[in-house]
Amino acid sequence: MAGNWKMYKTPAETQTFFEKFRPLVEKSEHCEIVICPPFTNLAAAVDAAKGSPIQVGAQNVAWAKEGAFTGEISGPMLKAVGASHAIISHSERRQYFGETDETVLKRTQAALEFGLTPIVCVGERLEERESGNTETVLVSQFQKGIAGLSEQQFAKIVIAYEPVWAIGTGKTATPEIAADAHKVIRAQVREKFGKDAADAVRILYGGSVKPDNVKSLMAQPDIDGSLVGGAALDPVSFASIVNF
Ligand code: 13P
């Protein structure tokens, strides 16, 4: 269960969040818990999470180790600050910052090379769904962005299905819609990396996950976890999602 804070919270607010959140998930051993704050809060989050089961992730990672890449943050930098995960190819990066399937693959490979667990996002936009192209889009994002990994690399990634029309809109995909998309993705995994990889890979659902809808989403066998935006900013609501 991962929380993506997007561009919210300062280091002080991060500390306050963890003070409230930690005791609420102390006994939550049924899942991994990851919080992905902005880069500027990673150190504060790692510090505040020390001694708890909560892991800390970044929201992006550069494809290079270091160099003239103004505004980018590399895998070794994230590792050095104590991050364990990195979200890659969030639709907001695709939409506003020119992320392409090609850069997604490069970032994913870099995350793996430097020991971070990539949470690789895929998902269709509203017009793609309405024109009946959901499956085509998911297959294409998988083929171009994920299928280029080796079997060993693939075994270490987490996939997140986030339909763009459900992000921040309050319009959650119904459990059935989400499950159908997860099935498409898992079938791609099976075809490319085999049955064991398809059974083992965790596919998270993201898009308006809230305490009151998480249970029905998680009841779908193909949904293995959630990538939560807005509801992960509040410690009580994210804890109730984690403890669904
Ligand atoms: P919301 O939960 O705010 O819809 O955001 C989902 C998301 O984009 C998580 O990465």
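For the structure given in this document, a descriptive report is provided here. (Residues numbered from 1 in each chain as written. Predicted model: local features only at pLDDT ≥ 70, side-chain atom pairs only at ≥ 80, totals over all residues. Heavy atoms only, no water.)

A tally of regular secondary structure across the protein gives twelve helices and eight strands. Here the C-alpha radius of gyration of the protein, 17 Å, is about what a compact globule of 244 residues would show, namely 18 Å. C-alpha atoms of the protein, sized along the principal axes, occupy 45 × 45 × 35 Å. The buried share of the protein, reckoned over its 244 residues, is 53%. The long-range fraction of contacts in the protein, counting pairs at least 24 apart against all pairs at least 6 apart in sequence, stands at 70%. Approximately 11200 Å² of the protein is accessible, and the part contributed by carbon and sulfur atoms is 53%. The protein carries 25 positive and 29 negative side-chain charges, and their two centres are separated by 2 Å. (Helix = DSSP H or I, 4+ residues; strand = E, 2+ residues; numbered from the N terminus. Rg over C-alpha atoms; globule rule 2.2 N^0.38 Å. Buried < 20%, exposed > 50% of the residue type's maximum accessible area, 1.4 Å probe, protein only. Contact = heavy atoms within 4.5 Å. Areas by Shrake-Rupley, 256 points an atom, 1.4 Å probe, with all protein chains shown as cover. Lys, Arg positive; Asp, Glu negative; His and termini not counted. Charge placed at Lys NZ, Arg CZ, Asp CG, Glu CD.)

Let us now look at the nonpolar core. Core analysis: the largest hydrophobic core is formed by 63 residues, its most contacted members being Phe21, Phe154, Ile159 and Phe238. The element contributing the most residues to this core is helix H9 (residues 175-193), with six residues. In this structure, Phe21 is in contact with Ile33, Ile35, Ile54, Pro235, Phe238, Ala239 and Val242, ignoring residues within four places of it in sequence. (Core = buried A, V, L, I, M, F, W, Y, C linked by side-chain atoms within 4.5 Å.)

Once that is clear, we can look at the sheet that holds strand S6 (residues 158-161). Spatially, eight strands are ordered S1-S2-S3-S4-S5-S6-S7-S8 in a closed barrel, and the strand pairing comes out parallel. Within the sheet, the average angular offset between the axes of one strand and its neighbour, ignoring direction, is 25°. Examined bridge by bridge, strand S3 (residues 54-58) and strand S4 (residues 85-88) share two bridges and lie parallel to one another. Along S4, the bridge assignment pairs Ala58 with Ala86. Lying on the sheet, helix H5 (residues 101-113) is in contact with S4 and strand S5 (117-122); it crosses S5 at an angle near 160°. (Pairing = 2+ DSSP bridges. Axes fitted to C-alpha atoms, helices over the stretch in contact; angles between N-to-C directions.)

All told, the structure shown has twelve salt bridges when counted by the stated rule. Measuring nitrogen to oxygen at the nearest pair gives 2.7 Å for the salt bridge that ties Arg129 to Glu124. The class for Arg129 is partly exposed, based on a relative accessible area of 25%. The class for Glu124 is buried, based on a relative accessible area of 0%. Ionic pairing is found between Arg186 and Asp222, a salt bridge with its closest N-O pair at 2.5 Å. Here Arg186, found in helix H9, pairs with Asp222, found in the loop between helix H11 (214-218) and strand S8 (225-228); they are 36 residues apart in sequence, far enough to count as distant. The exposure class assigned to Arg186 is buried, which follows from its relative accessible area of 6%. (Salt bridge = Lys/Arg side-chain N within 4 Å of Asp/Glu carboxyl O.)

Turning our eyes to something else, we now look at the site of the ligand. Close to the ligand lie 13 residues; Lys6, His90, Gly168, Ser208 and Gly230 are nearest. Here an oxygen atom of the ligand and a side-chain polar atom of Asn4 are 3.0 Å apart. A distance of 2.8 Å separates an oxygen atom of the ligand from a polar backbone atom of Ser208. A breakdown of the residues in the shell around the ligand according to their chemical character gives four nonpolar, seven polar and two charged. (Near = heavy atom within 4 Å. Polar contact = N/O pair within 3.5 Å; in protein donor to acceptor, adjacent residues only side chain to side chain. Nonpolar A, V, L, I, M, F, W, Y, C, P; charged D, E, K, R; others polar.)

Take helix H1 (residues 11-25) next. An ideal rise of 1.5 Å per residue puts 21 Å on 15 residues; H1 measures up with 21 Å between its terminal C-alpha atoms. At Glu19, H1 is bent by approximately 25°, the largest bend along its length, and proline Pro23 sits one to four residues beyond. Within the span of H1, buried status applies to Thr14, Phe17, Phe18, Phe21 and Val25. (Expected span 1.5 Å × (residues − 1). Bend = angle between axes of the 7 residues up to and from the residue.)

With respect to the helices, strands and loops of the structure, Arg107 is situated in helix H5. One polar contact links the side chain of Arg107 to the main-chain carbonyl oxygen of Val61, over a distance of 2.9 Å. Residues contacting Arg107, with those up to four places away along its chain left out, are Asn60, Val61, Ala62, Trp63, Glu72, Ile88 and Glu99.

Glancing now at the packing of aromatic side chains. Any two aromatic rings considered together are summarised by their centre-to-centre distance and by the angle between their planes. One pass over the full model with this rule turns up ten aromatic pairs. A ring pair is formed by Phe154 and Phe193, whose centres lie 4.3 Å apart and whose planes are at 10°; its orientation type is stacked. You can see Phe154 sitting in helix H8 (residues 151-154) and its partner Phe193 sitting in helix H9, a full 39 residues away along the chain. Take Phe154 and Phe193: they sit in the same class, and that class is buried. (Phe/Tyr/Trp six-rings, centres within 6.5 Å; stacked < 30°, edge-to-face > 60°.)

Turning to the pairing of S6, a few remarks are in order. Burial of the side chains of S6 extends over both faces: Val158 and Ala160 are buried on one face and Ile159 and Tyr161 on the other. Bridge analysis of S5 against S6 gives four bridges, and the strand direction is parallel. Of the residues in S6, the one forming a bridge with Val122 is Tyr161. Pairing of S6 with strand S7 (residues 203-206) involves three bridges; the strand directions are parallel. Across the sheet, residue Tyr161 finds its bridge partner in S7, namely Tyr205.

Taken by themselves, the reported measurements are silent on function.
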